[in-house]
Amino acid sequence: MMDDPELRELFGDPADQEVIDLLRATRPAAPPLDPHFRNYLRAKLMTEARDRLGEPARRRWFQLGPVGMAPAMAAVAAGFLIVLGIEIYLHPSSTTGQAVAVNVVGIDNKKNVATAEPIQIPFSGPVDKTAVQESVVIQPATAFTQHWEGQTLVITPAHPLAPNTSYKVTLQPKASAPASQPLASPQPVQRPVIVHFLTAPAPVPPVVPPSFKSGSVRYAYDNRLPESSKLSSPTWTNDGQLLVTGPADAATPSTTATTAPSVTTTASTTNVWLMSTQGTLIRLVAPGGSYPSTAPSGGVFADWQQRADQAVLEVRDLQGTVQVASVATVSGHPDRPAVWLGSDRLAYLNDGALRIVDLHGTAIASPALKGVGAMTASGNGHFLAIASDSGSLVLDLTSMTTTPLPAGATGFAWSPSGQLTFVIPHGGSTDLYAGADARTARKIATSDAGESWSDISWAPDSTSLLVASRSGSANASHSRLILINADGSSPVTFGSSQRDYASPQWSPRGDLVLFTRRDEAGGVSLWTAKDTVGQPSAVDNAESQALAEVDKFMQARIKGDLTGAQAQLDASAQQAYTSGASALLSPGAPFDRYYPVSVQLVAPNKFLIGARVFITRNGTETSFFEEQLTVILQDQRYLIDAVSATPTVQLGHGPTVVSMEVRQNGQNQQVMVRFDSDLKPETVSADTIQIKDGQGNRLKARVSFDPDAHLVTLETKLPPGRYVLVVTTGVDDINGSPVAQAYSSPLVIGG
């Protein structure tokens, strides 16, 4: 089909253009029509369309279905299909060569697509791989890398995709010229390939966070990360991905056709990679690097670069961009990561001696400690636990004074709340110590006879800790993980008692435990253990009941079941819908799906649930609106009592808020706002994302941004009451597109 400027002008909407592209791709049998009749019919239809097709009618017509299609315009539509079919037949895209086929069955229109795994698009036949890569676009705006595995294009998002989000991938197939064909010969021109998919939903955060106490954690299964025997020194990033050291000859994802910055490769035996929890190497972040360590604040990491007989300590961000090229230089080959002391200092060893330096490379005076072994810092960067020739001690990094620990103390670990834990082996068992500081640490548990404990890892909420336990027998398979409460009570076995678990590390969210295990070939591989956490509280159970009733309400609306929807409303809510507070059933294009954006406890047995409802046109999600539903327990059943709704928001026109969550952090509150796009960091600030009181006054809040998780956190201190979160149009995605329209959501504090 030749491109028709008049059609392009008449149907200028992007959604219309997408359908036109699909029609162009069809190839019907040759219609038995005279070419002169085709020209006559086309002219008549164009005149009819211009007379009848105003803007409102055009949007109703282009549903290509019975809903909202007037009979006259349906005839126009059918006529255009005939004309388009004739155009396709009479004007084939190419007279030479063979078009390359693309198989998108594995991803197109799929739901529950994993947020952290690559998008794979297989091709058949010769393909111009460079041209295809240069054409790839992902919406919402997403940084990505890509590489080829044979004839399959593998697109790997730079960060996990947003949950509950409809994504669109567009690329242009282009066949490569056969070797026997001159380069100047025309090649087939194919329509763009457009792939839509929906990412898996995220679990709704509980109103009361679950506890990681030993009796509340349930083991699920182990998962070996593929090819991980070649990887070492793993460490978690703050958004739940991994940094690992791997061989320099590992497969390298290309960084072409992407907004993620590229990195320069240097000759070395190792590199540092960003890896998913499924074992996918996402991005090369430190060519020539080894022993990564992540800063507590997230976003940056330190690694060692070997330069002949010296090693340089550098700092990079998780895109691989160098932030500080040389923090320190040591002789020889480091054998461990540097230790972050807060977000602005690092501790490391030089010939076994302790050194502390800031990010400008300035040395900081500290006690002369040599023969240093284990070394671990508290999360706030105030203390450093050290085993040295002078014995085990805790270094106060403010006063640079030391406090001795009991003889033999090793295996130090600091909880997120600042509690120190260590072990002391003696005889045939091991003592476990814990305390608020070096002076108050006391023995809380002892291993069974013949067992040694090591490798302590605290749960994210500081209520329990994991220790790796190994029997004293020669049989190395007799090992296990033991989960113990912070006070030493209720130890339980975690995982199989007949498998190897070493060096456990809780993930930041606590849904996975990373550990190492010897494999059959004698090497060491990386594994994860899946777990479920928490016994439901009374509030959790109430929340589940309220969400279940909202789900019944929403499913009835999606199915067009008016009676079923009204059954979930009390009299007040029925009046609200009747008076136009929101549309109970779709007046035009159907409701497609929904998901809860936020759940807030307003009062006992009363919740405010933000629900996002999506609208589809021609099988594609085009827009959404949001409802705030007040849900109250009435006569042993939750009913919807009140509703308010936002205007409709068009999708594909800039970044969108995916979810909002309020967490209590001591005496402060954290309002966590997650987006669907990679954002420009410079557009995220207290000016563009705000908290306002009931009178519209802007309140003070500290704004932080985690680009890897698309997450903006506003920390503030608010008295009980109702407030409003506001996201302005000043927030841009990485392509420079702003938020299409300001977003607001109610905040409830003190429920």
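Our structure is the block above this text.
What you are looking at is a predicted structure, and each value in this text was computed from that prediction instead of being measured.

Q: What's the story with the overall build of the protein chain in this structure? I'm lost.
A: When its secondary structure is counted, the protein chain shows nine helices and 48 strands. Within the protein chain, residue pairs in contact and separated by at least 24 positions form 54% of the contacts whose partners lie at least 6 positions apart.

Q: Where do I start with helix α9 (residues 571-578) in this structure?
A: Since the α-helix turns once every 3.6 residues, residues separated by three or four places project in the same direction. Within α9 the residues assigned to the buried category are A573, A576 and Y577. Buried residues in α9, looked at end-on, bunch into an arc of 95°, giving them a common side. For α9, exposure combined with an orientation more than 90 degrees from the buried face picks out A571, Q575 and T578. Considering only its buried residues, α9 is in contact with α7 (538-559), β38 (620-634) and β39 (637-645). In this structure D570 caps α9, since a side-chain oxygen of it lies 3.1 Å from the backbone nitrogen of S572.

Q: Even after reading the chapter, I still don't get the pattern of salt bridges, so can you show me in this structure?
A: Two side chains bearing opposite charge may form a pair once their charged atoms approach each other closely. Following the criterion strictly, the structure yields 16 salt bridges and no others. A salt bridge links D500 to R470; the shortest N-O distance between them is 2.8 Å. Of this pair, D500 sits in the loop between β32 (492-494) and β33 (502-506) while R470 is found in strand β30 (residues 464-471), placing the two residues 30 residues apart along the sequence. Given the relative accessible area of 26%, R470 is considered partly exposed. Through salt bridges that share partners, D448, E451 and R480 make up one connected network.

Q: For this particular structure, what's the right way to read unusual backbone geometry?
A: Comment: phi is negative for the bulk of residues other than glycine, and the bulk of peptide bonds are trans. Following Q139, the chain continues to P140 via a peptide bond in cis, the omega torsion being -5°. The backbone of N112 shows a phi angle near 60°, a positive value even though the residue is not glycine. Along the chain, N112 falls in strand β2 (residues 110-113). In this model, D635 sits at a positive phi of 55°, which is unusual for a non-glycine residue. When you line up the elements, D635 lands in the loop between β38 and β39. D635 gets classed as exposed once you look at its relative accessible area, which sits at 78%.

Q: What exactly am I supposed to notice about the sheet that holds strand β44 (residues 698-699) here?
A: Note: strands within a sheet are paired through backbone hydrogen bonds, in either parallel or antiparallel orientation. Pairing within the open sheet is antiparallel, and its four strands lie in the order β44-β43-β47-β48. The outermost strands of the open sheet, each flanked by one partner alone, are β44 and β48 (743-749). The sheet contact formed by strand β47 (residues 721-727) and β48 spans seven bridges and is antiparallel. Residue pairing in the sheet places G721 in a bridge with I749 of β48.

Q: Would you mind showing me how to read the nonpolar core here?
A: It is characteristic of soluble globular proteins that their nonpolar side chains tend to be buried jointly. The biggest cluster of nonpolar side chains holds 51 residues, and the ones touching the most others in it are F123, I155, F197, F675, I689, L714 and V727. Leave out the neighbours within four places in its chain, and I155 touches P118, I119, I121, V136, I138, F144, T145, Q146 and V169. Ranked by size, the runner-up nonpolar core spans 28 residues in total, among them V550, F591, L629 and V631.

Q: Honestly, the side chain of T630 in this entry has me stumped. Any pointers?
A: Relative to the elements of secondary structure, T630 occurs in strand β38. Judged by its relative accessible area of 13%, T630 falls in the buried class. Setting aside residues up to four positions removed in sequence, T630 forms contacts with K606, F607, L608, L639, I640, D641 and A642.

Q: Sorry if this is basic, but what is going on with the environment of R307 here?
A: The topology assignment puts R307 in strand β15 (residues 300-307). Since its relative accessible area comes to 44%, R307 is described here as partly exposed. Sequence spacing of R307 and T329 is 22 residues, and the spatial spacing of their C-alpha atoms is 9.7 Å.

Q: I'm lost on α7 in this one. Help?
A: A rise of 1.5 Å per residue sets the reference length of α7, with its 22 residues, at 32 Å; its end C-alpha atoms lie 32 Å apart and thus fit the reference within 8%. Against the buried residues of α7 lie α8 (562-566), α9, β36 (591-603), β37 (606-617), β38 and β39. G560 sits one or two residues past α7 and shows a positive phi near 80°.

Q: Mind showing me how you'd approach the packing of aromatic side chains here?
A: Remark: the centre distance and the inter-plane angle together describe each pair of aromatic rings, the angle taken between the planes. Evaluation of the coordinates by the stated rule reveals 16 aromatic pairs. Relative to F197, the ring of Y167 has its centre 5.8 Å away and its plane inclined at 15°; by these criteria the two rings are stacked. With Y167 in strand β7 (residues 166-171) and F197 in strand β8 (residues 193-199), this pair connects stretches of sequence that are 30 residues apart. Grouping residues by exposure puts Y167 and F197 together as buried.

Q: I'm lost on the sheet that holds strand β46 (residues 711-716) in this one. Help?
A: Judged by pairing direction, the sheet is antiparallel, and its four strands sit side by side in the order β41-β42-β46-β45 without closing on themselves. Looking at which strands have only one partner, the edges of the open sheet turn out to be β41 (657-665) and β45 (702-706). Mean inter-strand twist for the sheet, computed between neighbouring axes without regard to direction, equals 20°.

How each quantity is defined
Residues numbered from 1 in each chain as written. Predicted model: local features only at pLDDT ≥ 70, side-chain atom pairs only at ≥ 80, totals over all residues. Heavy atoms only, no water. Helix = DSSP H or I, 4+ residues; strand = E, 2+ residues; numbered from the N terminus. Contact = heavy atoms within 4.5 Å. Buried < 20%, exposed > 50% of the residue type's maximum accessible area, 1.4 Å probe, protein only. Arc of directions from axis to C-beta. Polar contact = N/O pair within 3.5 Å; in protein donor to acceptor, adjacent residues only side chain to side chain. Salt bridge = Lys/Arg side-chain N within 4 Å of Asp/Glu carboxyl O. Pairing = 2+ DSSP bridges. Core = buried A, V, L, I, M, F, W, Y, C linked by side-chain atoms within 4.5 Å. Expected span 1.5 Å × (residues − 1). Phe/Tyr/Trp six-rings, centres within 6.5 Å; stacked < 30°, edge-to-face > 60°. Axes fitted to C-alpha atoms, helices over the stretch in contact; angles between N-to-C directions.

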